[in-house]
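A structural walkthrough
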Amino acid sequence: MSEDPATKVIGRLRGQFLFAAIFLAGAALLLSQLGNQTTWANKTDLVAQPGFWPAVGVGGMVLFGGLHLLRLPRRRLTRDDWQEGRTWLAVVEFAAWFLVYVLVVPLLGYLPTTLVFMPVLLWRLGYRSRGMLAAGVLFGGTIVVVFKTFLNVRIPGGAVYEILPDALRNIFIVNF
């Protein structure tokens, strides 16, 4: 006897339930906030209401997210789902690196921060040879020179520049 084609699963199962559950929870959170985030105007047609189309969109997200969750072939979390979730969270690490960079630039300045972060990120990505780390420092320095000198991008000087003598401080603030 052949297998029923309706029960045959095509594609990956790993992470589907976790994604569907997170999506539904996020959509439900958005739906719960619609009353605070949108308004309903008096004496206005339904489809012209400022809150109507957001309600339709978010309501559809909840409805179809729930239906998707119910129609999944597997409705429980497994070790593979959690492993897939950890893979998704790895992306957050690099967003955190960027946020730290943005927070450190006003303290140390654009040039020193870039010269430190380039080799650190290269090291984190697995490039550990001296040549590659030196290339990262050189590339970071080139980026700073191009942005500050040639493109005249205005990036505030670092707080550490305040301890430099006046003439040197001005050079660093303008160029680095």
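Residues numbered from 1 in each chain as written. Predicted model: local features only at pLDDT ≥ 70, side-chain atom pairs only at ≥ 80, totals over all residues. Heavy atoms only, no water.

**Some details on the packing of aromatic side chains**
How two aromatic rings sit relative to each other is given by the distance of their centres and the angle of their planes. Counted by the stated rule, this structure contains 5 aromatic pairs. Considering the side-chain rings of Trp97 and Phe117, the 6.2 Å spacing of their centres and the 85 degrees angle between planes classify their relative orientation as edge-to-face. Here Trp97 is found in helix 3 (residues 79-108), whereas its partner Phe117 is found in helix 4 (residues 110-125), with 20 residues between them in sequence. The exposure class assigned to Phe117 is buried, which follows from its relative accessible area of 12%. Pairing Tyr101 with Phe117 gives two aromatic rings, centres 5.3 Å apart and planes at 75 degrees, and the pair type is edge-to-face. Pair noted here: Tyr101 is in helix 3 and Phe117 is in helix 4, with a separation of 16 residues, a long-range link. Residue Tyr101 is classed as buried on the basis of its relative accessible area, which comes to 19%. What links up through ring pairs into an aromatic cluster is the set Phe19, Phe23 and Trp88. (Phe/Tyr/Trp six-rings, centres within 6.5 Å; stacked < 30°, edge-to-face > 60°. Helix = DSSP H or I, 4+ residues; strand = E, 2+ residues; numbered from the N terminus. Buried < 20%, exposed > 50% of the residue type's maximum accessible area, 1.4 Å probe, protein only.)

**Considering the layout of surface pockets**
For the largest pocket, the calculated volume is near 150 Å³. Taken together, 10 residues make up the lining of the largest pocket; nearest its centre are Lys148, Val153, Arg154, Ile173 and Val174. Within the residue set of the lining of the largest pocket, elements represented by two or more residues are helix 5 (130-150) and helix 6 (166-175). Among the elements that make up the lining of the largest pocket, the one with the highest residue count is helix 6 (3 residues). A per-class count over the lining of the largest pocket returns 5 nonpolar, 3 polar and 2 charged. (1 Å grid on protein atoms, 1.4 Å probe; cavity = no way out; pocket = protein on both sides within 12 Å on 5 of 7 lines; lining within 4 Å. Points joined across faces, edges and corners; volume = space filled by probe spheres on them. Nonpolar A, V, L, I, M, F, W, Y, C, P; charged D, E, K, R; others polar.)

**Observations regarding unusual backbone geometry**
Even without being a glycine, Lys43 presents a positive backbone phi close to 55 degrees. Relative to the assigned elements, Lys43 resides in the loop between helix 1 (16-37) and helix 2 (52-71). Looking at Lys43, the relative accessible area reads 89%, which means it is exposed. The backbone of Asn152 shows a phi angle near 55 degrees, a positive value even though the residue is not glycine. With respect to the helices and strands, the residue Asn152 is situated in the loop between helix 5 and helix 6.

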